[in-house]
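What follows is each chain in one-letter form.
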Amino acid sequence: MGCMAILLLNILVLSLAPASNPRYQKHTLLAYLPIYRFVFDCAFATMAGAAAVAAMEYFGVNYKFLLDIDPKCQVDSTTLFGVAAFQQLLFLLTFAMFLLDYKFAILGDHNLYWAYMPALILLQLALLVVPHPTFRFTYRRHILSIFKEVFLAGVFAVSDVKLVQNIVGDVLTSFSKPLNDLHYILCFYWTGMSHDTKAQCP
């Protein structure tokens, strides 16, 4: 938590400091921000989920039964907080490096500032396949299958809706801004890797 607090403080300072890189343009920075915002929102959602699990553990709610979780599953709020913290750490570190490079050219004169974003996305996706002694692949696949079922429910008729699917669907309806950012990311990379202004879908 200390590292994340320091990184967050550094990001605030870097954001307010005047740029010294002649290549820096504010509208280009704004074109990149929705991608970083989406990654942050995903990490924040994991943190919020961990907080919800922690609250249910504190009040003795049998959430494993309610959400059809394997009783043998040892994933708890501590595990989820650890995953969320690592997500946030990767985000803050990458974003801080991007600001240092784009605003102050610490790596010299180049035009590869766009590379930080796919690197961050790949790092976040890599967390899905990194082995964990508690958060096993079986449980990760189960979570992904729930999202798949919820998305398919918007296309095909569903007769049996479980509580966990209802909760995920409710969360996704509140996730309109991040999903809009996801659409922007697809447009961004569909039209090229680097943009001087906000990407527009063809």
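The structure we're discussing is the one just above.
Cut-offs and rules
- Per chain, residue numbering runs from 1 following the sequence as it is written.
- Under the rules for a predicted model, residues below a pLDDT of 70 receive no local features and side-chain atom pairs below 80 are neither given nor counted, while totals for whole chains, interfaces and linings still include all residues.
- The side-chain quantities take in all heavy atoms of the structure and omit both hydrogens and water.
- The secondary structure listing takes helices from DSSP runs of H or I that are at least 4 residues long and strands from runs of E that are at least 2 residues long, numbered from the N terminus.
- The classification of residues rests on relative accessible area computed with a 1.4 Å probe and restricted to protein chains. Under 20% of the type maximum is buried, over 50% is exposed, and intermediate values are partly exposed.
- Only four residue types enter the charge count, namely Lys and Arg as positive and Asp and Glu as negative; His and the chain termini do not.
- Every case where a carboxyl oxygen of Asp or Glu lies within 4 Å of a side-chain nitrogen of Lys or Arg is listed as a salt bridge.
- Residue contacts are defined here by distance: any two heavy atoms, one from each residue, within 4.5 Å place the two residues in contact.
- Multiplying 1.5 Å by the helix residue count minus one yields the expected span of that helix.
- Note: the arc covers the axis-to-C-beta directions of the helix.
- Within this scheme a cavity is a closed region of a 1 Å grid, computed over the protein atoms alone, that accommodates a 1.4 Å probe without allowing it to escape, whereas a pocket is open but has protein on both sides within 12 Å along at least five of seven lines; lining residues each have an atom within 4 Å of a point.
- Grid points are joined across faces, edges and corners, and a volume is the space filled by probe spheres set on the points.
- A 3.5 Å cut-off defines polar contacts: any pair of N or O atoms within that distance qualifies, except that in protein one atom must be a possible hydrogen donor and the other a possible acceptor, and neighbouring residues in sequence count only when both atoms are side-chain atoms.

*Asks:* Can you walk me through the side chain of R140 in this structure?
*Replies:* On the secondary structure map, R140 appears in helix α6 (residues 137-153). No salt bridge forms around the buried R140; measuring N to O, its nearest opposite-charge neighbour D76 is 13 Å away. Beyond its immediate stretch of four places on either side in the chain, R140 contacts L127, L128, V129, V130, P131, H132 and F135.

*Asks:* Would you explain helix α8 (residues 176-190) in this entry?
*Replies:* The α-helix winds at 3.6 residues per turn, so residues separated by three or four positions along the chain end up facing the same way. An ideal rise of 1.5 Å per residue puts 21 Å on 15 residues; α8 measures up with 21 Å between its terminal C-alpha atoms. Residues of α8 that are buried: P178, D181, Y184, I185, C187 and F188. Looking straight down α8, one finds its buried side chains confined to an arc of 165°; they lie on one side. Opposite the buried face of α8, by more than 90 degrees, sit the exposed residues L186 and W190. In this structure, the buried residues of α8 make contact with α2 (26-58) and α5 (116-126). Of the residues trailing α8, G192 is marked for its positive phi of about 140°.

*Asks:* How do you make sense of the pattern of salt bridges when you look at a structure like this?
*Replies:* For side chains of opposite charge, pairing can occur when their charged atoms come near one another. The full count for this structure, using the stated rule, is two salt bridges. The closest approach of N and O atoms between D181 and R37, which form a salt bridge, is 2.8 Å. With D181 in helix α8 and R37 in helix α2, the pair connects residues that are 144 residues apart, well separated along the chain.

*Asks:* Looking at this structure, I do not really get the layout of surface pockets. What am I missing?
*Replies:* One simple way to see leftover space: roll a probe sized like a water molecule over the atoms. Taken as a whole, the second largest pocket spans an internal volume of roughly 200 Å³. When residues of the lining of the second largest pocket are traced back to their parent elements, those giving at least two are α1 (2-16), α2 and α4 (77-104).

*Asks:* In this structure, what is going on with the side chain of K103? I would like to understand it.
*Replies:* With respect to the helices and strands, K103 occurs in helix α4. Buried and unpaired, K103 has no salt bridge, with D101 as the nearest side chain of opposite charge at 13 Å. At 2.8 Å, the side chain of K103 forms a polar contact with the backbone oxygen of L14. Residues within four places of K103 in sequence aside, it is in contact with L14, S15, L16, A17, A19, S20, N21, Y24 and F98.

Function cannot be read off these values alone, since they describe shape.
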